[in-house]
Amino acid sequence: QVQLVESGGGLVQPGGSLRLSCAASESIFNFQSMGWYRQAPGKERDLVAVIAKGGYTNYGDSVKGRFTISTDNAKNTVYLQMNSLKPEDTAVYYCNAVRLAWGTPTEYWGQGTQVTVSS
């Protein structure tokens, strides 16, 4: 069973930065894509950023230019660097991995890490 363990969340002031980490229990080369989603209270879970095999990246409109997704293949880890944080970035952030086998995608999720942006 794939395990994704997030870390790096916390409380930060507006304009500050945080880096989230997601450590996978197996090589991230096994996944078609890895990404970050977030869910604020009373809202749906939304895409923050995704990185596909080959390096293609995609970001949610609200975080473009502020957040950067990256990977460290040797550590089986995906990162989310978050800069210029705003109160509206407050949410639980979830790591996601998608494995593609015989044309069928299987998704895996981490347990989530809380990010709170407040003065």
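Located above this text is the structure these notes cover.
A brief look at the structure comes next. This structure is a prediction, so every number in the text was calculated from the model and none was measured.

### Some words on the sheet that holds strand β8 (residues 77–82)
(1) Moving on: Strands sit in the order β1-β3-β8-β7 across an open sheet of four strands; the sheet is antiparallel. The sheet terminates laterally at β1 (4–7) and β7 (67–72), the two strands that pair on one side only. Going from strand to strand, the sheet's axes swing by 15° on average, the running direction of each strand aside.
(2) Moving on: Two elements, β7 and β8, share six bridges in a ladder whose sense is antiparallel. Bridging from a neighbouring strand, Phe67 pairs with Met82 of β8.

### Considering the side chain of Thr77
(1) Moving on: Within the fold, Thr77 resides in strand β8.
(2) Moving on: Here Lys75 takes part through its backbone oxygen, which lies 2.8 Å from a polar atom of the side chain of Thr77.
(3) Moving on: Look past the residues within four positions of Thr77 in its chain and what remains in contact with it is Ser21, Cys22, Ala23, Ile28, Ser70, Thr71 and Asp72.

### Section: the nonpolar core
(1) Moving on: Counting 29 residues, the largest nonpolar core has Leu4, Met34, Trp36, Leu80, Met82 and Tyr93 as its most contacted members.
(2) Moving on: Of all the secondary structure elements, the ones that give two or more residues to this core are β3 (18–24), β4 (33–39), β5 (46–52), β7, β8, β9 (91–101) and β11 (113–117).

Rules and cut-offs
Along each chain, residues carry numbers from 1 onward, in the same order as the chain's sequence is written. The predicted nature of this model means local features are confined to residues of pLDDT at least 70 and side-chain atom pairs, given and counted, to a pLDDT of 80 or more, with totals for whole chains, interfaces and linings taken over all residues. Side-chain measures were taken over the full set of non-hydrogen atoms in the model, leaving aside hydrogen atoms and water. Pairing between strands requires that DSSP locate at least two bridges from one strand to the other. Helix and strand definitions here come from DSSP, where helices need a minimum of 4 consecutive H or I residues and strands a minimum of 2 consecutive E residues; each element is numbered from the N-terminal end. Every axis in this analysis is a line fitted to C-alpha atoms, fitted for helices over the stretch in contact. Angles between the N-to-C directions lie between 0 and 180 degrees. The term polar contact refers here to a pair of N or O atoms within 3.5 Å; inside protein, the definition further demands a hydrogen-donor-capable atom paired with an acceptor-capable atom, and it admits residues adjacent in sequence only when both atoms are side-chain atoms. Residue contacts are defined here by distance: any two heavy atoms, one from each residue, within 4.5 Å place the two residues in contact. Here, the term nonpolar core denotes a set of buried Ala, Val, Leu, Ile, Met, Phe, Trp, Tyr and Cys residues that are joined through side-chain atoms within 4.5 Å. Burial classes follow relative accessibility: with a 1.4 Å probe on protein chains only, a residue under 20% of its type's maximum area counts as buried, one over 50% as exposed, and anything between as partly exposed.

Interpretation note: all reported values are geometric properties and have no functional meaning in isolation.
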